[in-house]
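Understanding the architecture of this molecule
What follows is each chain in one-letter form.
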Amino acid sequence: MKKYTSIILLICSLHFLAAQYSSVDVLRDWKFSNYDHGAAFQENFNDADWKHVIVPHDWAVKEDFNFTHDIQLTMVIQDGETTPKYRTGRTEDF
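Residues numbered from 1 in each chain as written. Predicted model: local features only at pLDDT ≥ 70, side-chain atom pairs only at ≥ 80, totals over all residues. Heavy atoms only, no water.

On to the overall build of the protein, then. Within the protein one finds 3 helices and 4 strands. Within the structure as shown, the protein displays about 8,800 Å² of accessible surface, and the carbon and sulfur contribution to it stands at 57%. (Helix = DSSP H or I, 4+ residues; strand = E, 2+ residues; numbered from the N terminus. Areas by Shrake-Rupley, 256 points an atom, 1.4 Å probe, with all protein chains shown as cover.)

Given below as structure tokens:
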């Protein structure tokens, strides 16, 4: 019985240690533009003026705050709101 308890404890410990490991893949040699060029999918598209970035990348950190880009008309139903309100903050839908 003591042997089985030790084995179970060992397995649980190894599982716990393995669950603590995480990694983030860093992708290099990517280019970024916060403008919708429409034809960027084309094979011969000229992306020479795009910024070189390492992914993951957050464009909002590098840019200045711009009220017109950052404003959202939203309603938080979970907070009991019944009418939308204007809010500002960064989004990825630029």
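As a further point, take the packing of aromatic side chains. All told, the structure shown has 1 aromatic pair when counted by the stated rule. Summarising the aromatic geometry, the rings of Phe45 and Trp50 are spaced 5.7 Å apart at their centres and angled 65° between planes, so their arrangement reads as edge-to-face. Owing to a relative accessible area of 23%, Phe45 belongs among the partly exposed residues under this scheme. (Phe/Tyr/Trp six-rings, centres within 6.5 Å; stacked < 30°, edge-to-face > 60°. Buried < 20%, exposed > 50% of the residue type's maximum accessible area, 1.4 Å probe, protein only.)

In this section: the pattern of salt bridges. Considering all chains together, one arrives at 3 salt bridges under this definition. One salt bridge connects Asp47 with Lys31, and the closest N-O pair in it is separated by 3.2 Å. Separated by 16 residues along the polypeptide, Asp47 in the loop between strand S1 (27–32) and strand S2 (51–55) and Lys31 in strand S1 bring together distant segments of the chain. Among the residues examined, Asp47 registers a relative accessible area of 27% and is labelled partly exposed. Under the relative-accessibility criterion, Lys31 is labelled partly exposed at 29%. (Salt bridge = Lys/Arg side-chain N within 4 Å of Asp/Glu carboxyl O.)

Another aspect to go through is the side chain of Glu81. Tracing the backbone through its elements, the reader meets Glu81 in the loop between strand S3 (71–74) and strand S4 (85–88). For Glu81, a relative accessible area of 15% puts it in the buried group. Among the polar contacts listed, one links the side chain of Glu81 to the backbone nitrogen of Val76, at a separation of 3.0 Å. Not counting chain neighbours up to four residues away, the residues in contact with Glu81 comprise Thr74, Met75, Val76 and Arg87. (Polar contact = N/O pair within 3.5 Å; in protein donor to acceptor, adjacent residues only side chain to side chain. Contact = heavy atoms within 4.5 Å.)

On to the environment of Leu27, then. Its place among the elements puts Leu27 in strand S1. Along the sequence, Leu27 and Ile54 sit 27 residues apart, while their C-alpha atoms lie 5.7 Å from each other. Leu27 has contacts with Val53, Ile54 and Val55, leaving out every residue within four places of it along the chain.

Right, let's get into the environment of Asn46. Positionally, Asn46 belongs in the loop between S1 and S2. A polar side-chain atom of Asn46 sits 3.0 Å from the main-chain amide nitrogen of Ala48.

Time to look at unusual backbone geometry. In the Ramachandran plot, Asp29 falls in the positive-phi region, its phi being about 65° despite a non-glycine side chain. Mapped onto the fold, Asp29 is located in strand S1.

It is worth spelling out a nonpolar patch on the surface at this point. On the surface, a nonpolar cluster with roughly 330 Å² of combined accessible area is contributed by Tyr4, Ile7 and Ile11. If you trace the backbone, Tyr4 turns up in helix H1 (residues 2–19). The class of Tyr4 is exposed, set by a relative accessible area of 58%. (Patch = residues over 30% accessible without salt bridge, like charges linked within 9 Å, V, L, I, M, F, W, Y side chains within 5 Å.)

Read these as spatial facts, not as claims about activity.
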